[in-house]
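# Observations on chain architecture
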Amino acid sequence: MGIIELFLLAVGLSMDAFAVSVCKGLAMKKCTIKKAMTCGIWFGGFQALMPAIGYLLGSRFEQYITAVDHWITFTLLGFIGVSMVMEACSKKEEEQLDESLDIKTMFLLAVATSIDALAVGITFAFLPDTNVPVAVFFIGAITFLLSTLGVKIGNVFGERYKKKAEITGGVILILLGTKILLEHLGILASLF
């Protein structure tokens, strides 16, 4: 996986955390750098941890599913991407987040926003050209930055960017999954 693909993957995965960070910022009366970085550390840390766990799980079963690994990658990224787009487009009113940054609240939010990263980590086991430690660090760092910025953006601009961020992240994941499938099937190579 090249640096551009890795960057796009990291941005796509971080969009849930970014959207929650925007909501956290929206709920804050006063946004400080400490509050913004607290969100960034929680979300970035879990976005780095989950793909590492996923990779360890996926590598244990790699020998059994190598023949269909590209389909698994395509399906997982596509499912996650479609889910993100559908969630962003749903008309249901989301539960309003409060400005609390306590351990229980942040732990639950960090886990909830990083489940998709666990699934992506599983796909790393099937992509031999992926440097997993670099990918994990990159995903965590991008999520940290975007989540920290998300708190400030939410505090200043409110709900305006939340839906667009989730849709963009979902579309990126769908396109990456499709690209991996087409490359494995040799379709992209024949087009270029």
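This write-up is about the structure you can find in this document. Just so you know, these numbers come straight off a predicted model, no measurement behind them. (Residues numbered from 1 in each chain as written. Predicted model: local features only at pLDDT ≥ 70, side-chain atom pairs only at ≥ 80, totals over all residues. Heavy atoms only, no water.)

### Some details on the packing of helix α1 (residues 3-27) against helix α6 (residues 132-157)
Applicable threshold: Axes, fitted as lines to C-alpha atoms, cover a helix only where it is in contact. Angles between the N-to-C directions of the axes lie from 0 to 180 degrees. A run of H or I in DSSP becomes a helix once it reaches four residues, and a run of E becomes a strand once it reaches two; helices and strands are each numbered from the N terminus. By the definition used in this description, the sense in which the near helix is turned from the far one sets the handedness, with an anticlockwise turn below a right angle giving left-handed and a clockwise turn giving right-handed. As a working rule, the residues Ala, Val, Leu, Ile, Met, Phe, Trp, Tyr, Cys and Pro are called nonpolar, Asp, Glu, Lys and Arg charged, and the rest polar, with Gly in that last group.
Orientation of α1 relative to α6, taken along the N-to-C sense of each, is 35°, at an axis distance of 7 Å. You can see that α1 and α6 cross each other, and the crossing is right-handed. Taken together, the residues of the contact of α1 with α6 break down into 20 nonpolar, eight polar and no charged.

### Some words on the packing of aromatic side chains
Let me state the cut-off plainly: For Phe, Tyr and Trp, rings pair up if their centres lie within 6.5 Å, where Trp contributes its six-membered ring, and each pair is then called stacked (planes under 30 degrees apart), edge-to-face (over 60) or tilted (otherwise). Buried residues are those whose accessible area, probed at 1.4 Å on protein chains only, stays under 20% of the maximum for their type, while exposed residues exceed 50% and partly exposed ones sit between those limits.
Evaluation of the coordinates by the stated rule reveals three aromatic pairs. Ring centres of F7 and F138 lie 6.4 Å apart, and the angle between their planes is 65°; this geometry places the pair in the edge-to-face category. Separated by 131 residues along the polypeptide, F7 in helix α1 and F138 in helix α6 bring together distant segments of the chain. Note on F46 and F107: the rings are 5.6 Å apart at their centroids and 80° apart in plane angle, and the pair reads as edge-to-face. Taken together, the residues span a long stretch of sequence, with F46 in helix α2 (residues 33-60) and F107 in helix α5 (residues 103-124) at a distance of 61 residues. Take F46: its relative accessible area is 14%, and that puts it in the buried class. Aromatic rings pair up to connect W42, F46 and F107 into one cluster.

### A few points about α5
Counted only if it meets this: One less than the number of residues in a helix, times 1.5 Å, gives the span that helix is expected to have. The bend reported for a residue corresponds to the angle between axes fitted to the seven residues ending at that residue and the seven starting there. Polar contacts, as used here, are pairs of N or O atoms within 3.5 Å; protein pairs need one atom able to donate a hydrogen and one able to accept it. Residues neighboring in sequence count only if both atoms are side-chain atoms.
Across its 22 residues, α5 extends 30 Å between first and last C-alpha, which sits within 8% of the 32 Å expected from 1.5 Å per residue. The principal kink in α5, of about 45°, is found at S114. Among the residues of α5, those classed as buried are M106, L109, A110, T113, S114, D116, A117, A119, V120, G121, T123 and F124. Its side-chain oxygen placed 3.2 Å from the backbone nitrogen of K104, D102 serves as the N-cap of α5.

### Remarks on the packing of α2 against α6
Test applied: Geometric relationships in this document are graded by angle, where less than 35 degrees denotes roughly parallel, more than 145 denotes roughly antiparallel, 65 to 115 denotes roughly perpendicular, and other angles denote oblique. In this description, contact between two residues means that some pair of their heavy atoms is separated by no more than 4.5 Å.
The geometry of α2 relative to α6 is characterised by a closest axis approach of 7 Å and an angle of 155° between their N-to-C directions. As the angle between them shows, α2 and α6 are arranged roughly antiparallel. The handedness of the crossing between α2 and α6 comes out as right-handed. On α6, the residues touching A36, M37, C39, G40, I41, F43, G44, Q47, A48, P51, A52 and Y55 of α2 are V132, V136, I139, G140, T143, F144, S147, T148 and V151.

### Things to note about the environment of M28
Relative to the helices and strands, M28 resides in the loop between α1 and α2. As a C-alpha pair, M28 and E99 span 71 residues in sequence and 5.1 Å in three-dimensional space. The contacts of M28, once residues within four sequence positions are left out, are K35, E99, L101, V151 and N155.

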